[in-house]
Amino acid sequence: AVYDFLESYLNCKWYTPAVEEIPTSKNITIENNINYSYTPSITTRTVHSKLFYQNPEFAAKHKVTSEAFPYYVPSARVHTFNKFIPEEVFYKNTPEYYALRGSKRLPTQLCLTNNKVYEIVKDSVALLFKQYPESIVISVSSNDNTQYCTCENCAKIDAIEGSPSGTMIQFVNKIAAAFPDKTISTLAYQYTRKPSKTKPLSNVLITLCSIECDRSAPIVDNCTDFTEDLKGWKQITENIRIWDYTTQFTNFLAPFPNLHTLQPNIQLFSENNAKWVFEQHSHNPSELFELRSYITAKLLWNPNLHIE
């Protein structure tokens, strides 16, 4: 609120941690009837940029987080299946814990209809929350591949649900029910991006990833399948986290003309129950690094700003 006041009423500007514009005057006149309040639609805003991570005060000025995964258990932020049931510990003696692919169990993903898998994951989650008592979020999410379980039980659920997210949400809901005062995050990513028919519990955070989208145009124009999936999740949950991608990962310094897409994309997220948004900027310096960090942070706070 203080930084918003300084910016809106006293015309202070913070462009980078080292570049700011603070007016100087011997006299300041302030209206005596200011009555302003604002609640951003996106409540947890993250720009994956060293400018904010290494400068918490600069992050505060722009109302974004100073870390990539605030509130999360530090060691369980994403792609956690193999952390909970490590291949090197369990695969040799209990291959049935893992995904059936063709005629063989492979340690690519977990078999989410195996009750022993549920018990081990639940115990692991409990242990991590005990180890990090200040954390309120943990990720129970797929490994970074699409080789999910196709055993009879999993396949039956996925067929009924219309998506492999069916087994995922049913499994994660069981974990979430055991920890009603915590938030269980999971991925709507690649094979689980299409929404299930089962509604996530209120303490399940759906992290929807736009990794497949063409970033040269707004998502609503060039990635209609993602847009439809987002709208589908909106119908069944109010607890959506977006993992968006805004940079050129193969060459951070190459020109990447997508600045015109930032606002319509963030507006799309905001309009569809995205309470958390993680913008995966380059983190390290890249093309127009300061400008991109600044604009993205501004739009997360207010998606309807006059971008020019």
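Above: the structure in question.
First things first, this report covers the structure right here in the doc. Small disclaimer: the values here were computed from a predicted structure and weren't measured.

### A short note on the overall build of the protein chain
- For the protein chain, the helix and strand inventory stands at twelve helices and ten strands.
- Judged by the C-alpha coordinates and their principal axes, the protein chain covers about 75 × 40 × 35 Å.
- Within the protein chain, the fraction of its 308 residues that count as buried is 51%.
- In the protein chain, the proportion of contacts linking residues at least 24 apart, taken out of those at least 6 apart, comes to 70%.
- Separation between the mean location of the 29 positive side-chain charges and that of the 31 negative ones in the protein chain comes to 5 Å.

### Section: the nonpolar core
- The biggest cluster of nonpolar side chains holds 61 residues, and the ones touching the most others in it are Val 121, Val 125, Ile 138 and Val 140.
- For this core, the element with the highest residue contribution is helix 6 (residues 115-131), accounting for seven residues.
- Once you skip the residues sitting within four places of it in the chain, Val 121 turns out to touch Phe 84, Ile 85, Leu 110, Val 140, Phe 171 and Ile 175.
- Membership of the second largest hydrophobic core comes to 13 residues, among which are Tyr 53, Tyr 72, Leu 205 and Tyr 245.

### Side note on the packing of helix 10 (residues 224-236) against helix 11 (residues 259-271)
- It is at 10 Å that the axes of helix 10 and helix 11 come closest, and there the two elements cross at 25 degrees. In terms of orientation, helix 10 lies roughly parallel with respect to helix 11. From helix 10, Phe 226, Thr 227, Leu 230 and Lys 234 reach across to helix 11, where they touch Leu 268, Phe 269 and Glu 271.
- Here the residues of the contact of helix 10 with helix 11 are counted per class, giving four nonpolar, one polar and two charged.

### Describing the pattern of salt bridges
- Taken as a whole and assessed by the stated rule, the structure comprises ten salt bridges.
- Salt bridges sharing partners connect three or more residues here, namely Asp 4, Glu 7, Lys 63 and Lys 298.

### Considerations on the packing of aromatic side chains
- Applying the stated criterion across every chain, the model contains 19 aromatic pairs.
- Ring centres of Phe 129 and Phe 179 lie 5.8 Å apart, and the angle between their planes is 55 degrees; this geometry places the pair in the tilted category. Taken together, the residues span a long stretch of sequence, with Phe 129 in helix 6 and Phe 179 in the loop between helix 8 (165-178) and strand 7 (183-188) at a distance of 50 residues. Of the two residues, Phe 129 and Phe 179, both sit in the buried class.
- Among the aromatic residues, ring-to-ring pairing joins Phe 69, Tyr 71, Tyr 72, Trp 243, Trp 276 and Phe 278 into one connected group.
- Here the guanidinium or amino end of Arg 101 rests over the ring plane of Tyr 148, the centre of that ring lying 5.4 Å away.
- We note Lys 174 situated over the ring of Tyr 118; from NZ or CZ to the ring centre the distance is 4.2 Å.

Analysis parameters
Residues numbered from 1 in each chain as written. Predicted model: local features only at pLDDT ≥ 70, side-chain atom pairs only at ≥ 80, totals over all residues. Heavy atoms only, no water. Helix = DSSP H or I, 4+ residues; strand = E, 2+ residues; numbered from the N terminus. Buried < 20%, exposed > 50% of the residue type's maximum accessible area, 1.4 Å probe, protein only. Contact = heavy atoms within 4.5 Å. Lys, Arg positive; Asp, Glu negative; His and termini not counted. Charge placed at Lys NZ, Arg CZ, Asp CG, Glu CD. Core = buried A, V, L, I, M, F, W, Y, C linked by side-chain atoms within 4.5 Å. Axes fitted to C-alpha atoms, helices over the stretch in contact; angles between N-to-C directions. Parallel < 35°, antiparallel > 145°, perpendicular 65-115°, else oblique. Nonpolar A, V, L, I, M, F, W, Y, C, P; charged D, E, K, R; others polar. Salt bridge = Lys/Arg side-chain N within 4 Å of Asp/Glu carboxyl O. Phe/Tyr/Trp six-rings, centres within 6.5 Å; stacked < 30°, edge-to-face > 60°. Lys NZ or Arg CZ within 6 Å of the ring centre and 35° of its normal.

Such coordinate-based values are descriptive only and should not be taken to indicate function.
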